[in-house]
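Residues per chain, in single letters:
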Amino acid sequence: TITLTRKWLKFRRALGLAVSKATPHSACCRTGVPCTMKGPLMEGLWLFILIGAFAVIAGLAQTNVIYLVFGARSMIGLAGYLVMQIGLWFTENKWDEDGSTAWLEAAQGDKMQTPEELEARFDGEAGDAKAWATANKADQVVIPQDKLKAAFPIPIGFLVGWWLWGISYIFPLDGTTNVNPTGFGIAACVISFFVSFVASIPMADAVMHRKDGQKKGLSLLFLLGWIALGFMSACDVTHQIGSTLDDLTRAYIFMLCMLGPVTIIYSQKILFGARKMGTKWEESGKPNFHPIVYNMGGPLFVWGWFYLWLGSCGLPGVAWELDIYPDVGKPYIPLFLNIRTLISFTFGCAMVPVVRFLDYSHDEDGPWCGENKEGKVFGKWWLGTDGTYFGLFLESPWPFIISWVMYGFSAFWTFDNKLAFSPRALVLLMNCLAQ
């Protein structure tokens, strides 16, 4: 066993993967206590899991294109999402900024101090933090009610966005304004209004006043509501399509409509853990003095809504080589289910998590490769940080470079999954290399 363990560690080092060891520079080591903190890798991998799972099912289905028709259903749904997103950002940003400021005022803190200084005073078990905890328990810091309510306004945009999204279900997939909803569409509409209420006013009250029981009950309703919405959305689409499409097409519609809500819920967990007045506030009654700005919560939130929008508003079809842009009666965007789309989506979207790997290490004060005299593989500062959080390879610029190259390479693939050289594809590849 010992021999196999040594060989495994040697193999990981050869690949440039992180090997758990105490390091003095990670976020939890500001007090000088060694730790083995690693970066949140699963958040980045989840995006590739979503794309891969959909690609497998869609690649086996008879349909080879999804038409996003510019009609009443898709445009009202998109408008609802945008209004919801903007309204949610405004409300949550105000709560993070004004709520944390109000807490610091009540605790006689200074908002101009650095996160490290605030952590040293209010968090931990040593020095100023221990003295403050002894004299002032976090629960004894009371934010005045007027400032508490002012910091968390009624999320009007969030509510209106959800209502618009729900209304979109009464229109058909073909883009027309014929109001003839299915029973599943009516159910999805009702669920949208229900979720908008659950996640707004009572949830705001539970978060503001740290009502743990109420928050758990509302979170359960929110979860069940999302699952029901995804299921009803998929049933609505498959019912409208009828028996013209194969079972695998129906399967990827359900996959889009179910994985979308799951991803949105997962993104909310990430965002709450990373923000100022999220999980830390609810658990301890104190703001998070070390928020993670560049987290995967935002990208996964958008990607989850894209999956749900594509599943509930997309019209699956079959495109032929001689007529890949047929007339469907309305303007549309075709999403071809081929190798070109798979490569461009995978590596185009990959730029978000792979850049985050290196930036996360930068933000957490990860030293440049070789700076700490350990793991000196390349020995050049411009090849990334030392691999403490995600491994040497992921903390280097190479994943980002590979993503751009592969994104440009996708231009050489044709609609029918054949490689073909063209001046246009070469120009696109050169442009991506320049990026």
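Heads up: these notes are all about the structure in this document. (Residues numbered from 1 in each chain as written. Predicted model: local features only at pLDDT ≥ 70, side-chain atom pairs only at ≥ 80, totals over all residues. Heavy atoms only, no water.)

### Let's talk about the overall build of the protein chain
Along the protein chain, the regular secondary structure elements total 16 helices and three strands. Within the protein chain, the fraction of its 435 residues that count as buried is 46%. Taking the intrachain contacts of the protein chain between residues at least 6 apart in sequence as the baseline, contacts between residues at least 24 apart amount to 73%. (Helix = DSSP H or I, 4+ residues; strand = E, 2+ residues; numbered from the N terminus. Buried < 20%, exposed > 50% of the residue type's maximum accessible area, 1.4 Å probe, protein only. Contact = heavy atoms within 4.5 Å.)

### Structural notes on the pattern of salt bridges
Counted according to the given criterion, the structure contains 11 salt bridges. For Arg-356, the salt bridge goes to Glu-43, with nearest N and O atoms at 3.1 Å. Residue Arg-356 is found in helix α14 (residues 339-363), and its partner Glu-43 is found in helix α2 (residues 41-60); the two are separated by 313 residues along the sequence. Note that Glu-105 is salt-bridged to Lys-147, the shortest N-O span being 2.8 Å. Of this pair, Glu-105 sits in helix α3 (residues 72-106) while Lys-147 sits in helix α6 (residues 145-151), and the two are 42 residues apart along the sequence. Salt bridges sharing partners connect three or more residues here, namely Glu-92, Asp-96 and Arg-275. (Salt bridge = Lys/Arg side-chain N within 4 Å of Asp/Glu carboxyl O.)

### What to know about the sheet that holds strand β1 (residues 65-69)
With respect to topology, three strands assemble into an open sheet ordered β2-β1-β3, the strand pairing being antiparallel. What marks the edges here is a single partner per strand, and that holds for β2 (315-317) and β3 (332-336). Averaged over neighbouring strand pairs, the angle between their axes works out to 25 degrees when direction is ignored. With three bridges connecting them, β1 and β2 associate as antiparallel partners. When the sheet's bridge partners are listed, Tyr-67 is paired in β2 with Leu-315. (Pairing = 2+ DSSP bridges. Axes fitted to C-alpha atoms, helices over the stretch in contact; angles between N-to-C directions.)

### As for the packing of helix α15 (residues 398-409) against helix α16 (residues 423-434)
Contact geometry of α15 with α16 gives a least axis separation of 8 Å together with a crossing angle of 170 degrees. Comparing the axis directions of α15 and α16 gives the class roughly antiparallel. Touching Trp-404, Val-405, Tyr-407, Gly-408 and Phe-409 of α15 are Leu-428, Leu-429, Cys-432 and Leu-433, all from α16. In the contact of α15 with α16, the residues fall into eight nonpolar, one polar and no charged. (Parallel < 35°, antiparallel > 145°, perpendicular 65-115°, else oblique. Nonpolar A, V, L, I, M, F, W, Y, C, P; charged D, E, K, R; others polar.)

### Details of the side chain of Thr-341
Note that Thr-341 resides in helix α14. Polar contacts involving the side chain of Thr-341 include one to the main-chain carbonyl oxygen of Phe-336, which spans 2.5 Å. If we skip the residues at most four places from it in the chain, Thr-341 touches Leu-335 and Phe-336. (Polar contact = N/O pair within 3.5 Å; in protein donor to acceptor, adjacent residues only side chain to side chain.)

### Topic: unusual backbone geometry
The residue Arg-210 is not glycine, and still its phi comes out positive at about 55 degrees. Residue position: Arg-210 is located in the loop between α9 (201-208) and α10 (212-241). Judged by relative accessible area, Arg-210 falls into the partly exposed class, the value being 29%.

### Things to note about the packing of aromatic side chains
Taken as a whole and judged by the stated rule, the model has 28 aromatic pairs. Following the ring pairs from residue to residue traces out a cluster consisting of Tyr-81, Trp-162, Trp-165, Tyr-169, Phe-222, Trp-226 and Trp-305. Above the plane of the ring of Trp-281 lies Arg-210, whose end atom (NZ or CZ) is 5.9 Å from the centre. Over the aromatic face of Phe-272 sits the side chain of Arg-275, whose NZ or CZ is 5.1 Å from the ring centroid. (Phe/Tyr/Trp six-rings, centres within 6.5 Å; stacked < 30°, edge-to-face > 60°. Lys NZ or Arg CZ within 6 Å of the ring centre and 35° of its normal.)

### Some words on the nonpolar core
In terms of nonpolar packing, the biggest core is built from 71 residues, with Phe-54, Trp-95, Trp-103, Trp-162, Leu-229, Tyr-252 and Trp-305 touching the most fellow members. Ranked by the residues each element gives to this core, the list is headed by helix α13 (residues 297-313), at nine residues. Excluding residues within four positions of it along the chain, Trp-305 makes contact with Tyr-81, Met-84, Trp-162, Trp-165, Trp-226 and Ile-264. With eight residues, the next largest nonpolar core counts Val-65, Val-69, Tyr-332 and Phe-415 among its residues. (Core = buried A, V, L, I, M, F, W, Y, C linked by side-chain atoms within 4.5 Å.)

### Notes on the environment of Asn-338
Along the chain, Asn-338 turns up in the loop between β3 and α14. Separated by 274 residues in sequence, Asn-338 and Asn-64 place their C-alpha atoms 7.0 Å apart. Asn-338 has contacts with Thr-414, Phe-415 and Asn-417, leaving out every residue within four places of it along the chain.

### With respect to the side chain of Arg-73
Relative to the helices and strands, Arg-73 resides in helix α3. According to the relative accessible area criterion, Arg-73 is buried, its value standing at 2%. Polar contacts involving the side chain of Arg-73 include one to the side chain of Asp-236, which spans 2.6 Å. In this view, Arg-73 contacts Ser-168, Tyr-169, Phe-171, Pro-172, Leu-173, Asp-236, Val-237, Gln-240, Ser-312 and Cys-313; residues no more than four positions away in its chain are not counted.

### Some points on the packing of α2 against α14
When two helices pack together, you describe them by how their axes are tilted relative to each other and by the distance separating the axes. It is the contact of α2 with α14, at a shortest axis distance of 9 Å, that shows an interaxial angle of 175 degrees. Of the possible angle classes, the one that applies to α2 and α14 is roughly antiparallel. Along its contact with α2, which presents Leu-41, Glu-43, Gly-44, Leu-47, Phe-48, Ile-51 and Ala-55, the element α14 presents Leu-342, Phe-345, Thr-346, Cys-349, Ala-350, Pro-353, Arg-356 and Phe-357. Its residues assigned to classes, the contact of α2 with α14 comprises 11 nonpolar, two polar and two charged.

Read these as spatial facts, not as claims about activity.
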